[in-house]
Amino acid sequence: MVDFTLYSHDAGPNPWKVAIVLECLGLDYQHIYMDFTKGEHKGPEHTKLNPNGRVPTLIDHKNNDFTIWESCAIITYLADKYDTERKLSATTPEDKFIELQYLFFQASGQGPYFGQFGWFTFFHPEKITSAQERYKNEINRVWSVLEDILSKKEWLGGSKCTIADLSFITWNEMAINTKAIDDPEKYPKVFEWHKKMVEMAPVKKVLEEKAGRQKH
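Residues numbered from 1 in each chain as written. Predicted model: local features only at pLDDT ≥ 70, side-chain atom pairs only at ≥ 80, totals over all residues. Heavy atoms only, no water.

**Quick word on the packing of aromatic side chains**
Counted under the stated rule, the structure contains eight aromatic pairs. Ring plane angle 75° and centroid distance 5.1 Å describe the contact between Trp143 and Phe191, whose orientation is recorded as edge-to-face. Note that Trp143 is positioned in helix α5 (residues 129-150) and Phe191 in helix α8 (residues 188-198), a separation of 48 residues in sequence. Assessed through its relative accessible area of 0%, Trp143 is described here as buried. On the basis of relative accessible area, Phe191 is assigned to the partly exposed category, the value being 28%. (Phe/Tyr/Trp six-rings, centres within 6.5 Å; stacked < 30°, edge-to-face > 60°. Helix = DSSP H or I, 4+ residues; strand = E, 2+ residues; numbered from the N terminus. Buried < 20%, exposed > 50% of the residue type's maximum accessible area, 1.4 Å probe, protein only.)

The following block contains the structure:
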């Protein structure tokens, strides 16, 4: 039996964010892919684990089947419990709060706006140009914030890549792949930062697996 079960989705960025951290920590896990077209994520088998009926949800079989949902909460849990050498997480109380600061920024400032851009661009039944423009502008605003931060330091959380940095990868991939960035040349530091992360072997492995699932 594997140590972790990750309730996931082929394309959704948030479960793959968790997979990246699991992979980087060398933890043994399996995906259970939810079929959204069948409403599996809203079904009783899943909502008894996650009453919000969204993904990701993680079960830690090494810890009495401890169950947790919300991607940034999950990766904080994994880092606190299993990153004993602090390879991907803060080592001082002050740095821990800086790490949390960026995780909150990702969860409130990046994910929702990037996700709404995707919805109104590709899935909403009516074309609402003002909504598309609003969320595209927010993507570029978030990247402007990141560009300013990364012009002053290499990593968000301090002197090394941490879960704070890794949390941004999958939604950044969406923004890049959908050409939501107005002028890529305006964000050289963001692209440099992103490139360093996606070239890490565990991250590359997860993104290749995600790409393979989306071809199904």
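Now, onward.
**Structural notes on the sheet that holds strand β2 (residues 29-33)**
A sheet is described by the order of its strands in space; here four strands give the open sequence β2-β1-β3-β4, paired in mixed fashion. Two strands in the sheet have a free side with no partner beyond their single neighbour: β2 and β4 (66-69). Taken pair by pair, the neighbouring strands of this sheet meet at an average axis angle of 20°, ignoring direction. Taken together, the five bridges between strand β1 (residues 4-8) and β2 define a ladder with parallel strand orientation. The residue of β2 that forms the bridge with Phe4 is Tyr29. Across the face of the sheet, helix α1 (residues 13-24) comes into contact with β1, β2 and β3 (57-60) while running at roughly 155° to β1. (Pairing = 2+ DSSP bridges. Axes fitted to C-alpha atoms, helices over the stretch in contact; angles between N-to-C directions. Contact = heavy atoms within 4.5 Å.)

**A word on the pairing of β3**
A two-sided burial pattern is seen for β3, the buried positions comprising Thr57 and Ile59 on one face and Leu58 and Asp60 on the other. The pairing of β3 with β4 spans four bridges and is antiparallel. Each residue of the ladder has a partner; that of Asp60, found in β4, is Phe66. Counted along the chain from β3 to the antiparallel partner β4, the turn is five residues long, and its residue Asn64 has a positive phi close to 55°.

**Quick notes on the environment of Lys127**
Mapped onto the elements, Lys127 comes out in the loop between α4 (93-123) and α5. In sequence terms Lys127 and Lys17 are 110 residues apart; their C-alpha atoms lie 29 Å from each other.

**Some points on the packing of α1 against helix α9 (residues 201-214)**
Orientation of α1 relative to α9, taken along the N-to-C sense of each, is 140°, at an axis distance of 8 Å. Considered as vectors, α1 and α9 are oriented oblique to each other. Every pair of crossing elements has a handedness; the one defined by α1 and α9 is right-handed. Contacts between α1 and α9 involve Trp16, Ala19, Ile20, Glu23 and Cys24 from the first element and Pro202, Val203, Lys205, Val206, Glu209, Lys210 and Arg213 from the second. Across the contact of α1 with α9, the residue classes break down as seven nonpolar, no polar and five charged. (Parallel < 35°, antiparallel > 145°, perpendicular 65-115°, else oblique. Left-handed = near helix turned anticlockwise from the far one by under 90°. Nonpolar A, V, L, I, M, F, W, Y, C, P; charged D, E, K, R; others polar.)

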